Every structure is written in C-alpha cells, then in structure tokens.
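Residue-level structural notes
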Amino acid sequence: MLALVLGTVTAVRGSLGASPGYSRVLTNVGIVGASGVVVLFLASMAVVAWLGRARRTASPDPTPEDVSDLSAAGSLHDSFERLTIWLTDDAPIVRNQDDAFGHRRIARRIASRLVEERPPSQAVVGKFGAGKTSLHALVVAALETSGPHARHVHVVRIELWPFETPRAAVEGVIRAVVNQVSREVNVVALRGLPESYVDAMSAAGGIWSTIARVQGTPTSPLKALERIDDIATAIGHRFVVWVEDLERFAGCGGDSVRESPEEAERLNPIRALLYGLDRLKSVTVVTATTSLGVRFDLEKIARYVETLPELADHQVARVVATFRNGCRERYDVIDPAEARVRKELDALGDQQQLKIQRAIRQLKMAKGVPSLPDALATLCSTPRALKQALRAALDTWSRLPGEIDFDDLLLMSILREAQPDVFALVGQHVDALRGRGFSADDARSAREAWDAALKRVTPDDRTRRAIVAVIKFVFDDYSGEIKPQGLKQSGHVEYWERFLSVPILPEVEKDQNVLRVVRADDDGELVRLLEDGGRSGAVESFARLLSTDRLRRLLVPLIRRRCAENPADWGEGNPPGMIPLWRMWLRRSERGELAPSAVLEGVRQALAESVPRQLYLAVWIEDYFVFPSDTVHHMLGTGGTSLASECKQYLRDLIVTTYAEKPDALADAVVGAPVPTLLWACWGIDRVRAGTMAGLPFASWPRLAATILDAARRRPVDLLPQIAGLVSHESVVVARSGEPTRRYDFDAAAAANLFGSPDAVLDVFELQSPSQWPGIGHVEAVFKAVQQRRRPRPGESDSGESLAM
C-alpha cells in the first residue's frame, strides 16, 4: 500500500512538474501520519483521475472561426421565423452563431487576455440588458476555440443579486470558486474556506471595517485565499471569477458617484474580496457592471475595460422592420389606416432612405422631436429592451390580430418595456393626451401638467424627445378616420382599454368581420351592419374604405327596410342605420367629395321611396339632409339655396300627389309616427323652427286638408294626435311652486287657417272620447276647446235661445 502511494505521489509530481506551490499543496491536503497517508492517497488518486480526464476530453485544435461580424443583427433580420425564436427564448446565448449583435468581437478580446501568462483583470460595462450575461457565454465559447493553452482556464460566473447580506455574498463567491476547483481535483483542505475567510475578516478588526482598506500588504483574510491559489497553481489551472450585478446588490440608485454609508457597508466586503482574488496568481477577476463609478473602485482591479455599446440605429431599424413585416403578413387582416400613417415606419427596412431622412433632419433642426426610427433606437438601446418590447407586441398582436392599430401597439409596447414609469404616466394622463372630456382651457392645462410630469420622470433630454415622438404619433398626429384603430380612438371601441386588457373577443365584437363586409361588394350585408346599433359605429370608423358612390347607393336600400317598420319601435325616434349613414354623407360633403347636386338626387330618391309608405321617415330625411340645424354643415348649401327649396317643394308635391283623396293611405302612413309628423310635413322643418307659420303651408294645401279631416273621421286613433299637433301651441308657464310646466292651448286661428274654421276640427274631435288619449297635452287642449264650445254663452239657454224677456 505504501509503495503504491509513494509511486502515485512520484507519478503525480512528475506530471505536475516542479512547482513552488507543490509542497504547500501536500501540506494543505493534510499529510500527517497514517491518516495523512490515506488523505494523500485519495488526493493523489483524484489528481491522477483528473489528469486522465483531461487527456480524455482534450480535442484537436479547432479550425479558425469565421470572424466576420453580424452587423445590424444579421441573423435576426434575415427572417421573421428566426426573430420569433429569439423573442420566445429567454435562455442566454451559448454559441457564437447565436450572437445577433456582434458581441463576439468583444468576447474574443477578453478571452485572448485570459490566456496570457499573467492575465490582467478586466471589467465589462453595459446598461441593464446590454448583453453582459450573453457576453460571458461568448467568452466561454471563445476560450474553447483558443487552443490547448486555454483548456485549463475555467470561468466561474457569480450573480450577487440573490444574496441578501454582504457576508452571504462573500461566502457565495468563495464557495463558487471552491466548487469549481473541486471539479478539477478532489481536495479536502478547501472545505470551510468561505467561513474561514469571513472569520478571518472579523478577527482582523471589526466585522467589515478593516477589509475596506484594500491597498497595501494583504491581511490574514487575504492569506486565506492563497489556499485556493496553491492548489490551482499546483495543478496548472486558472480560474476566472466573473462577477455580475454589483450595483443591484449594492442597491445603488441615481447618478451620484458618492456612495452612502449603507452602500459602503454592503460594498466594502465585496470590494476587498475582489481585490484579494485578483492578487492571486491563478485567479483573474472580470467584473460586469453598469458603470465605472468610483463607488466600486473598479479602476483598482480592472486594467482593461470593455464597453458593451448601445444598439446602433440601423440594427434596431432592421430588426423592427422584419418584425413589423412578419407580424402583418402572419395574419390575413385588413388595415383600415391610410398608407401615409405607415410611411415613416415602413422606411425602417430601407437603410438608404433612413440615411437621407437623418441627413435632412440634421440640416433642418438639431434639437427637435426626432423621427420615429430615431426614437425607436433611443428607447430600444439594449438587446433586452428590444427583445422584451417586441415580445410584448407579438403576444398582444397574436391575441388581437387586426383588432388594434399595429404601429400604435408596437410603439406603446416599446414604451412600456423601455420606460415603465413613463408608461404609467401615460395611463394617468391618457384622457388629456386623447383630448377627451376637457374644455379648451382645461385641455391646455392638462397637457401642461403632462409635460411637467414627463420632464420630472425623464430628466434625460434625448430620451424625453424620443418619448415625445412616440406620444405624438400615437395621440396627436392622426384623426380617427385616418387611423381608426389607433389608441387615441374611442368611438365604437375604447382601443386604449383593449390594448391594456388584451381581451378574448367574441366574433360579434371583432373589427375584422366588419372590415371584410366593408371591403366586399354585398351592400345588403353592409346595410344590416349599419342598422345594428352595436356594429354601426365600426362601419363609421372604417368609412374611409367605402367609396362615395357606394355610400350614396346605401341610402335607398336602407330606406326601403325602414319603410316596412313601425316608427314606434325605433329608439329615440331615429330610424336604425340612418344617423350613421347621414354622418358619413356629412363628412364627405364637408370635404367636398359629395356634391350638393348628388345629395339632392339621393334625397329625391329616398323621398320617393318613403312618402308613399312612411311619412315620418320622409320628414326625418328632410330634417337631417335638407334643413339641418345652423350648427351642422348643410349638404345642399347654405342661405336658403334653390336646391334646398327645390327639395322642399318636391316633398310637398309628392305628399299631395300621393295622399290627396286617399284618407286610408294617409292614415296608414302615420301609424306609429310621432306627433309632429303632419306638422313637419305640412309646414316644413325650416318654418317650424323659425316660427313662421302664417298663411297656407303650400299652394295645394286645401286638397290635403280635406283628406286629413276625412282620414281623422275614419281612423281617429291615428290621425287625431297628428291634427292636434297642427292646431295647438305649446308654452311654458311657471307654477306657484316655481317649477316650470308645459301648457297646451287650442289655436283657433291656426285651425281656421288650415281647415277653414275651428269647428271643422272640433267637430271631428267631438265624436271621440278624450279618455283614449290620457296625458297627451295637445290632444287634451283640443278636447277642452270642444267642451268649452258646448257650454252656453252668458244670456243663452242650452239650446242657444236668448234668455232676455
């Protein structure tokens, strides 16, 4: 047994060669007496096993690797499929071919220094999400291809953020190194080393005070680390301690370079440990952090500093261009926005055009609101920010394809991931940004409050200008008709709420179903959507996809459907579908796309359809299309033009032609109609509003007057309320309680003017019982006049004879 042990020791010594640390290794592994022999045997066998393992895992020198850079995130913009794989995979990259942003160049430089005879300490500086973790994997990959001399270089990556206390962090770093050493050689002397180091620090003069002095001769805590160095040197291995998350561990905030006492208390032990590890011959320190602030004293332990650059404009542009195109092509959806809305972001894929636009902007203004491509590059300055933003946008678009404006969705997803505080601020000020529910003065104050809040949250001017560019595109630049599914819009859908909640939409609520009907040629289905109160708003929102000619020809089919209905069934007296269609006509007329002559032709056709069957529908058309209120655009012209007068005359002539001497047809035409129907039909809505109802309504009125009275005798239930509306007037009186009340009185003069005498009207009413119309004020006023006519005048008997003697 002893011979075997001595033989093994000799073999091990021959394999390791003469080393200054070899004797210390033998001492450290505990060669004391018989037990030392056993320990030596076990350790020696482990070393022999390690040597054999090293020989078995050795590989021939790799072929030279292609060192061409993946400029502009090459593989990511090559295909949408490759990009989606990257978006859905959270694992750090492990292969050079996964390097999408050219970081392998930095990794090769770092690796080349780590294989030097006396490797220098290094630091990696980059913003959160810049790719420091991925860089670690690329460094490991670079070492694997650096030749045989790099086989014994081991990178030990430690994240500090999981540790709650400095003691736990220090022990965690040392334990990670010891574990890595133990993978190469079985030793027992390193057991308890983390605790020993901490104990040594405590004994050195206070729990952490003394170790804050990192310059000068190492103290006993640092000597404890030499036990790692002895073993590593003896076996010819080198260990790289790659430490991340220093700032997160320290809880550093803000841009101040002065550390607080609390930060110093947490950082001093880490600072001392890193300094001590870097003093070892077989250990090299690489620190990955977000800055080189003096709070970490990195300049004392890093001879080389590698900076992970922000993503270049062209990198972000090409990746976003691939993403936009892929998302829009993945689903067969109809985009209702105008093409100019997409123009600026469509240029992302044209690098030459981007350069030209950038040069023009630089000539025009050095400090204005940047373009959207510039804003995207500012907000997506790191791979993590870009990845998380595109992933969020992809997830929402996958759930709501074609149900929300894609570019608004993309930009606000980027803002939410890159600037969460600003996104929360948008939610607080969204009504002001959309201009909803504010007077002019209040809206101005609300926007000023938004500007002030944004400045507080984002003191960096470049970032703030990028945010302003995004907000301007989403909430300011385009109207609802130009970008109908934008987050600013709240017509038939609150798109902002849809963006926040990402609901599962039932088929009846999907915009794409409406858009397909709008784009198709089936006018019947489009009319059915218009008369559906839940979908008509969507048709209005997407009206830009409808030609003016198609909008014109929708009127008559809609009128025909309404003529078959009872007006009493219409909510608020509005024929279903007519208000949305009228508004769409109105907008086209305001823009000059619908000529007054075309409106006149359409109205004449609608009147010809409605007058013979639905008189209320005819006067409704006149109310909206011929004589709207003074605050509404006049589609037939303003100032009492001949077109409006012509249309008005056409309606009266058509009414007389249709109903004169046809009392039953007239009664049928007013079934379920509101009381003012005959009033509007006789005088016209313009004269009723102006109160100019003197003389006859029109020249051929007497023919119609006789028919109205005849219809009332035949169909009193339908006609008496209409006649009462013609011969009564309404006034407002103040009761004793101070409350205003409506009062209706019989207008004998109006009855005489329209029907020859008041008695001609009262005779018709006298044949009926007032109990059939309880609570209808104008009808009750006529019956009151009937009762008053029955009473004898003073000095007369009930028979009307004089009582005088």
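Conventions used here
- Residues numbered from 1 in each chain as written.
- Predicted model: local features only at pLDDT ≥ 70, side-chain atom pairs only at ≥ 80, totals over all residues.
- Heavy atoms only, no water.
- Helix = DSSP H or I, 4+ residues; strand = E, 2+ residues; numbered from the N terminus.
- Contact = heavy atoms within 4.5 Å.
- Areas by Shrake-Rupley, 256 points an atom, 1.4 Å probe, with all protein chains shown as cover.
- Expected span 1.5 Å × (residues − 1).
- Buried < 20%, exposed > 50% of the residue type's maximum accessible area, 1.4 Å probe, protein only.
- Core = buried A, V, L, I, M, F, W, Y, C linked by side-chain atoms within 4.5 Å.
- Axes fitted to C-alpha atoms, helices over the stretch in contact; angles between N-to-C directions.
- Parallel < 35°, antiparallel > 145°, perpendicular 65-115°, else oblique.
- Left-handed = near helix turned anticlockwise from the far one by under 90°.
- Pairing = 2+ DSSP bridges.
- Phe/Tyr/Trp six-rings, centres within 6.5 Å; stacked < 30°, edge-to-face > 60°.
- Lys NZ or Arg CZ within 6 Å of the ring centre and 35° of its normal.
- pLDDT = per-residue confidence, 0-100.
- Salt bridge = Lys/Arg side-chain N within 4 Å of Asp/Glu carboxyl O.
- Nonpolar A, V, L, I, M, F, W, Y, C, P; charged D, E, K, R; others polar.

As for the overall build of the protein chain
When helices and strands are counted, the protein chain shows 39 helices and 7 strands. Of all intrachain contacts in the protein chain linking residues separated by at least 6 positions in sequence, the fraction that spans at least 24 positions is 75%. With an accessible surface of roughly 37,300 Å², the protein chain has 52% of that area assigned to carbon and sulfur atoms.

Let's talk about unusual backbone geometry
Phi angles above zero are rare outside glycine, and Val502 is one such case at about 45°. By the element assignment, Val502 lies in the loop between helix H22 (495-501) and helix H23 (511-519). With a phi angle near 60°, Glu572 is a residue other than glycine that sits in the positive phi range.

What about helix H7 (residues 132-144)?
Structurally, the α-helix is built with 3.6 residues per turn, so residues lying three or four positions apart point the same way. Taking 1.5 Å of rise per residue, the 13 residues of H7 would be expected to cover 18 Å, and the 19 Å separating its terminal C-alpha atoms lies within 8% of that figure. H7 sits mainly inside the fold: 10 of its 13 residues count as buried. Lys132, Ser134, Leu135, His136, Ala137, Leu138, Val139, Ala141, Ala142 and Leu143 are the residues of H7 that are buried.

A short note on the nonpolar core
Grouped together as the largest cluster of nonpolar side chains are 158 residues, with contacts concentrated most on Phe323 and Phe755. The leading source of residues in this core is helix H30 (residues 615-626), at 9 residues. Phe323 has contacts with Phe80, Leu83, Leu87, Leu390, Ala393, Leu394, Phe406 and Leu410, leaving out every residue within four places of it along the chain. Counting 29 residues, the second largest nonpolar core, distinct from the first, contains Ala169, Val243, Leu280 and Val285.

What to know about the packing of helix H17 (residues 383-399) against helix H18 (residues 406-418)
Each pair of packed helices gets described by two things: the angle between the helix axes and the distance between those axes. Direction vectors running N to C along H17 and H18 enclose 140°, while the axes themselves pass 8 Å from each other. As far as their axial angle goes, H18 and H17 are oblique. Classified by chirality, the crossing of H18 by H17 is right-handed. Across from Gln388, Ala389, Leu390, Ala392, Ala393, Thr396 and Trp397 in H17, the residues of H18 making contact are Phe406, Leu409, Leu410, Ser413, Ile414 and Glu417.

Some details on the sheet that holds strand E3 (residues 238-244)
Taken together, the 5 strands give an open sheet; going across it, the order is E2-E3-E4-E1-E5, and neighbouring strands pair in parallel fashion. Each end of this open sheet is capped by a strand with a single partner; those strands are strand E2 (153-159) and strand E5 (304-307). On average, each strand axis in the sheet is inclined to that of its neighbour by 20°, with strand direction left out of account. Sheet analysis places E2 next to E3, joined by 7 bridges and oriented parallel. The residue of E3 that forms the bridge with Val156 is Val241. Each of strand E1 (122-125), E2, E3 and strand E4 (283-289) is contacted by H7, which is oriented at about 165° to E3, the strand it contacts most.

Description of the packing of aromatic side chains
Taken as a whole, this structure holds 16 aromatic pairs when the rule is applied. Where Phe698 meets Trp701, the ring centres are 5.9 Å apart and the plane angle is 90°; that geometry is what we call edge-to-face. Both residues of the pair, Phe698 and Trp701, count as buried. On the basis of an interplanar angle of 75° and a centroid distance of 5.4 Å, the ring pair of Phe765 and Phe783 is categorised as edge-to-face. In this pair, Phe765 sits in helix H38 (residues 758-766) while Phe783 sits in helix H39 (residues 777-790), placing the two residues 18 residues apart along the sequence. By the ring-pair criterion, three or more aromatic residues cluster together here, those being Phe80, Phe323, Trp397 and Phe406. The ring of Tyr650 carries Arg604 above its face, with NZ or CZ at 4.0 Å from the centroid.

Some points on the environment of Leu651
Structurally, Leu651 is set in helix H31 (residues 642-659). The contacts of Leu651, once residues within four sequence positions are left out, are Leu607, Val611, Ala618 and Glu622.

Focus: the confidence of the model for the protein chain
In this model, the protein chain carries an average pLDDT of 81, and 78% of its residues clear a pLDDT of 70 or more. With pLDDT under 50 throughout, residues 204-219 is counted as low confidence; its partners more than four residues away or in other chains account for 26 contacts. Within the model, pLDDT remains below 50 along residues 799-805, and this stretch shows 6 contacts once partners closer than five positions in the same chain are excluded.

Some details on the pairing of E1
Side chains Gln122 and Val124 project from E1 onto one buried face, and the interleaved Ala123 and Val125 project onto a second face that is buried too. Both E1 and E4 contribute to a ladder of 4 bridges, which runs parallel. From the neighbouring strand, Ala123 faces E4, where its bridge partner is Thr287.

Describing the environment of Arg444
Locating Arg444 in the fold gives a position in helix H20 (residues 440-457). With relative accessibility at 46%, the residue Arg444 sits in the partly exposed group. When the C-alpha positions of Arg444 and Ala432 are compared, they lie 8.6 Å apart, and in sequence the two are 12 residues distant.

A short note on the pattern of salt bridges
With the rule as written, the count across this model stands at 55 salt bridges. Residue Asp686 pairs with Lys648 through a salt bridge whose shortest N-O separation is 3.0 Å. Of the two residues, Asp686 sits in helix H34 (residues 685-690) while Lys648 sits in helix H31, which places them 38 residues apart along the sequence. Since its relative accessible area comes to 24%, Asp686 is described here as partly exposed. By relative accessible area, Lys648 is classed as buried at 15%. A salt bridge links Glu661 to Arg703, with the nearest nitrogen and oxygen atoms 3.4 Å apart. Of this pair, Glu661 sits in the loop between H31 and helix H32 (663-669) while Arg703 sits in helix H35 (residues 701-714); the two residues are 42 residues apart in sequence, bridging distant segments of the chain. Within the structure, one salt-bridge network assembled from shared partners comprises Arg324, Arg328, Asp335, Arg342, Asp346, Asp405 and Asp407.

A closer look at the packing of helix H13 (residues 313-330) against H17
The geometry of H13 relative to H17 is characterised by a closest axis approach of 11 Å and an angle of 10° between their N-to-C directions. Regarding the angle of H13 to H17, the classification is roughly parallel. Only Leu386, Leu390, Ala393, Leu394, Trp397 and Ser398 of H17 make contact with H13, whose side of the interface consists of Val316, Val319, Val320, Phe323, Cys327, Arg328 and Arg330. Classifying every residue of the contact of H13 with H17 gives 10 nonpolar, 1 polar and 2 charged.

Some points on the side chain of Glu531
Within the secondary structure, Glu531 sits in the loop between helix H24 (523-530) and helix H25 (536-541). Each residue touching Glu531, except ones within four places of it in the same chain, is listed here: Leu558, Arg561, Arg562, Pro576 and Gly577.

Observations concerning helix H16 (residues 372-379)
Most of H16 is tucked away, with 8 of its 8 residues classed as buried. All of the buried residues along H16 are Leu372, Pro373, Asp374, Ala375, Leu376, Ala377, Thr378 and Leu379.

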